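Per-entry structural report
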Amino acid sequence: MSATTEHPPVPETAQPAAPQAAARPRVLSGIQPTSDSFHLGNYVGAVRQWVDLQHDHQPFFFIADMHALTVDWDPKLLRERTLRSAAQLIAAGVDPAKSAIFVQSHVPEHAQLAWVLNGLTGFGEARRMTQFKDKSAKGGEGAASVGLFAYPVLMAADILLYRPHYVPVGEDQRQHLELTRDLAQRFNGRFKKTFRLPEPYILKATAKLYDLQEPTRKMSKSSSAPGGIIEMLDDPRVTAKKIRSAVTDSGSEVRFDVEAKPGVSNLLTIYSALTGESIQSLEEQFAGRMYGDLKKELAEVVVDFVTPFRDRTLELLDNQDHLMQVLAQGAETAGAVAEGTLRDVYQRIGFVAPVERRTEAG
């Protein structure tokens, strides 16, 4: 049994994003370029829903390369992964004709507004951020960078620049959105109403995918072993092998039972997430059959699903001129909004308006 991608690849002739009707609520989200490939868990849990947001919202989606500097990084890898992330968003169905897709560092107003917001953020307030505590725990707070400490303030700037109505957030980012709202209220109260208070856009409940080798642990780039995670840019043969090698459970009945059969339940969840078939329907379909049958058919489903995604991503990376045009147009669209917001901020905090710079030739 095969599955098709839910959102077909964007054709080469798609026009870059342009500002949409004001009636559409604005939404903003970003993704860090910290890996070579999206994995199936974050695609199902987030990226696929970004695609759906395009229909009724004015979306701004960015590659958060500045946030990638909060931990040690390799310049060559960062550059490559930034382009890979952009290509994968497009391959997943984020349409440049409907969404502004851009690189964070291409819009300098992100860093400029972050500095202003740093001046409004209390040290203790920033220090209480859970992610800083968690990420600095391993090496000790003394070894953590100032960038990691100030990460939530930059995130607040990312959001407030675009005055969005909604920000898609998972539970791990909710605290950062609360800080963003606090800073917006603080600025509006001290100076003049400038920022919209963004509301969390709670992504609809989706299937949680678990590690193929440790099915009681969430599929995650940071905690899963290579054999436990489905990388969407893997060679399809590698992907099929991972599915066939997935951990199952005692007994032989194909039945959804998270407590007694976490391995089989995870495979059924992946099958359902990619085909739209209900778990109950799959249980009936595999009644009286063996685990091997489930793995074999699921391997085909996953390969059929990721192959066009992989092919489109590689096609975009082979034609980087087109990809860079998409990112340039996205940055132009985003920059027009960000520039207007920063102009208002600078005027209200008391900065002297700059005169146009002259070159030596001028």
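Residues numbered from 1 in each chain as written. Predicted model: local features only at pLDDT ≥ 70, side-chain atom pairs only at ≥ 80, totals over all residues. Heavy atoms only, no water.

1. Structural notes on the packing of aromatic side chains
Evaluated as defined, the whole model comprises eleven aromatic pairs. With 6.1 Å between their ring centres and 70° between their planes, Tyr 166 and Tyr 201 make a pair best called edge-to-face. Here Tyr 201 lies in strand β5 (residues 199-202) and Tyr 166 lies in strand β4 (residues 166-169), a separation of 35 residues in the sequence. Of the residues examined, Tyr 166 reaches a relative accessible area of 30% and is grouped as partly exposed. Between Tyr 346 and Phe 351, the ring centres sit 4.8 Å apart and the planes meet at 65°, which makes this aromatic pair edge-to-face. (Phe/Tyr/Trp six-rings, centres within 6.5 Å; stacked < 30°, edge-to-face > 60°. Helix = DSSP H or I, 4+ residues; strand = E, 2+ residues; numbered from the N terminus. Buried < 20%, exposed > 50% of the residue type's maximum accessible area, 1.4 Å probe, protein only.)

2. Examining the environment of Leu 282
Note on placement: Leu 282 falls in helix α10 (residues 279-285). Judged by its relative accessible area of 0%, Leu 282 falls in the buried class. Along the backbone, Leu 282 and Arg 255 are 27 residues apart, and their C-alpha atoms lie at a distance of 8.9 Å. Residues contacting Leu 282, with those up to four places away along its chain left out, are Leu 268, Tyr 271, Ser 272 and Glu 277. (Contact = heavy atoms within 4.5 Å.)

3. Structural notes on the UniProt feature "binding site: L-tryptophan" (unreviewed entry) in the protein
Here the UniProt-annotated "binding site: L-tryptophan" (unreviewed entry) positions come out as Asp 158. Excluding its chain neighbours within four sequence positions, the residues that come into contact with Asp 158 are Leu 28, Phe 62, His 67, Gln 104 and His 110. (UniProt positions renumbered as here; feature names shortened; annotations may be inferred.)

4. Digging into helix α2 (residues 75-92)
A rise of 1.5 Å per residue sets the reference length of α2, with its 18 residues, at 26 Å; its end C-alpha atoms lie 26 Å apart and thus fit the reference within 8%. Its side-chain oxygen 3.1 Å from the backbone nitrogen of Lys 76, Asp 74 forms the N-cap of α2. Residue Gly 93 follows α2 closely and has a positive phi angle near 120°. (Expected span 1.5 Å × (residues − 1). Polar contact = N/O pair within 3.5 Å; in protein donor to acceptor, adjacent residues only side chain to side chain.)

5. A few points about the confidence of the model for the protein
Looking at the protein as a whole, its pLDDT mean stands at 88, while 87% of the residues score no less than 70. Looking across the protein, the model is least confident in helix α5 (residues 130-137), with a mean pLDDT of 66, and most confident in strand β3 (residues 100-103), with 98. Within the model, the stretch residues 1-21 combines pLDDT values under 50 with 57 contacts to residues more than four positions away or in other chains. (pLDDT = per-residue confidence, 0-100.)

6. A word on the layout of surface pockets
The gaps of empty space that remain are located by a probe, the size of a water molecule, rolled over the atoms. Roughly 370 Å³ of volume is contained in the second largest pocket. Looking at the second largest pocket, it is lined by 19 residues, and the ones nearest its centre are Asn 118, Val 146, Ala 150, Tyr 151 and Val 153. Of all the secondary-structure elements, those providing two or more residues to the lining of the second largest pocket are α3 (109-118), α4 (123-127) and α6 (146-160). Take the lining of the second largest pocket: its biggest share by element is seven residues, from α6. (1 Å grid on protein atoms, 1.4 Å probe; cavity = no way out; pocket = protein on both sides within 12 Å on 5 of 7 lines; lining within 4 Å. Points joined across faces, edges and corners; volume = space filled by probe spheres on them.)

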